[in-house]
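# Residue-level structure breakdown
The lines below spell out each chain.
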Amino acid sequence: MKTFRNCLMTAVGASLLGLGLAAPADAGAIRLGMTTWVGYGPLFLARDLGYFKEAGVDVDLKVIEESALYMAAVAGGDLDGAASTVDELMKYRSDELCFKYVVALDDSHGGDGVVTQPDVKSLKDLKGQQVALNEGSISEFWFNVLLKKEGMTEDDVTITNMTADDAATAFIAGQVPAAVTWEPHLTEVRKGGKGKVLIDSTTTPGLIVDVIALKCDLIEKHPEDVKALIKGYYKAVDYIKTNPDKAYEIMAKGIGGYLEKPEDFAAGAKGVRYYDRARNLEFFGTPEKSEAADLVNFAQDIWGKAGKLKMTIDSKTILDTDFIKEQ
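Reference entry: report on the structure contained in this document. (Residues numbered from 1 in each chain as written. Predicted model: local features only at pLDDT ≥ 70, side-chain atom pairs only at ≥ 80, totals over all residues. Heavy atoms only, no water.)

## Some points on the sheet that holds strand S7 (residues 158-161)
Let me state the cut-off plainly: Whether two strands pair comes down to DSSP finding at least two bridges between them. Strands here are runs of E lasting at least two residues and helices are runs of H or I lasting at least four, both read from the DSSP assignment and numbered beginning at the N terminus. Here an angle of 0 to 180 degrees is reported between the N-to-C directions of two axes, which are lines fitted to C-alpha atoms, with helices fitted over the stretch in contact.
Strand order in this open sheet of five strands is S7-S6-S8-S5-S9, and the pairing throughout is mixed. Across the chains shown, the open sheet's two edge strands, defined by having one partner strand only, are S7 and strand S9 (196-200). The sheet shows a mean angle of 30° between the axes of neighbouring strands, taken without regard to direction. As paired elements, strand S5 (residues 112-116) and S9 share four bridges and run antiparallel to each other.

## Some remarks on the packing of helix H11 (residues 244-255) against helix H12 (residues 262-269)
This is how it is decided: Reported orientations rely on four angle classes, namely roughly parallel under 35 degrees, roughly antiparallel over 145, roughly perpendicular from 65 to 115, and oblique for the rest. Residue contacts are defined here by distance: any two heavy atoms, one from each residue, within 4.5 Å place the two residues in contact.
Orientation of H11 relative to H12, taken along the N-to-C sense of each, is 105°, at an axis distance of 8 Å. Between H11 and H12, the interaxial angle falls into the category roughly perpendicular. Across from Tyr248, Glu249, Met251, Ala252 and Ile255 in H11, the residues of H12 making contact are Pro262, Phe265, Ala266 and Ala269.

## Describing the pattern of salt bridges
Selection rule: One side-chain nitrogen of Lys or Arg within 4 Å of one carboxyl oxygen of Asp or Glu is enough to make a salt bridge. Exposure classes here rest on a 1.4 Å probe applied to the protein chains alone. A residue is buried below 20% of its type maximum, exposed above 50%, and partly exposed in between.
Going through the model one piece at a time under the given rule, you end up with 16 salt bridges. The residue Glu54 makes a salt bridge to Lys235 at a minimum N-O spacing of 2.6 Å. Placement of Glu54 in helix H3 (residues 51-55) and of Lys235 in helix H10 (residues 223-242) is noted, with a sequence separation of 181 residues between them. Given a relative accessible area of 55%, Glu54 falls into the exposed group.

## Re the pairing of strand S6 (residues 130-133)
What counts is decided by this rule: Assignment of crossover handedness uses the view with strands pointing away from the viewer, where a clockwise path from the first strand over the helix to the second indicates a right-handed crossover.
Note: S6 against S7, four bridges, orientation parallel. The residue of S7 that forms the bridge with Gln130 is Thr158. In this fold, S6 hands off to helix H6 (residues 138-149), which returns the chain to S7; that crossover is right-handed. Pairing between S6 and strand S8 (residues 178-182): two bridges, direction parallel. By the bridge assignment for S8, Val131 is matched with Ala178.

Shown next as structure tokens:
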């Protein structure tokens, strides 16, 4: 099975060459994969305003709508890293694929939620009911955290595996009584009157956090490029603070997809909190004691018990705090 998985990952990685990905990046260049998500906007902003090049690095951003695909490209050497959530990336860390988190990008601050029927007052009311969510994703991780707070587990409900988008569609159509999904579907439910948002991620700040993971050999061989990446990113976040409307316009165009309209991007941005330098210093603290360390350990507990990790991971394994102080 392990050989099969390795062959599959290699084949998938090779297929991504059709996207125009080149050989391993030289010094002065970093290639990142990610899905379409409002939280990654500052990366596109830094690229399109020239902040990365100004700092000394050429950053190539590839939108690939499946974590298994962009992580296969990382494993195969066609990408140097990825942007995703802390827990999601941990599932790909192994002895063969070494990467570390070098900067945090954002956290979901209302962008994720559990939608239910109007009469549901708490998660305990969902006992024995069907809940649609994307198994193995941040939705399942976050839902497990919520269940744990109520003294519940997944065994108390019936999980139906769907993407977050399909889960929302099924809920709105009345096919499932509850779902775990994200924006813009939460707004659709609130406006449509076909249920309610029982709980959203404003109640769990700092739990659904996106980071940039870079391969260990790139960090070791090209630390100046990592510094430049973070410097450019910080400058983009500061630009958003002072020029939000223009920033949303640029980021919407850069990311595209369902976020291609500036007004849609602006609406989505209300559900995230972008991490500037000060917030990164607060979040990462030290590998031994910090919000980041606690989150890694929490994900290790949940995904480890579910058998979804390839190795035991702690904060020292996966956090690199050498670069977040970059000015």
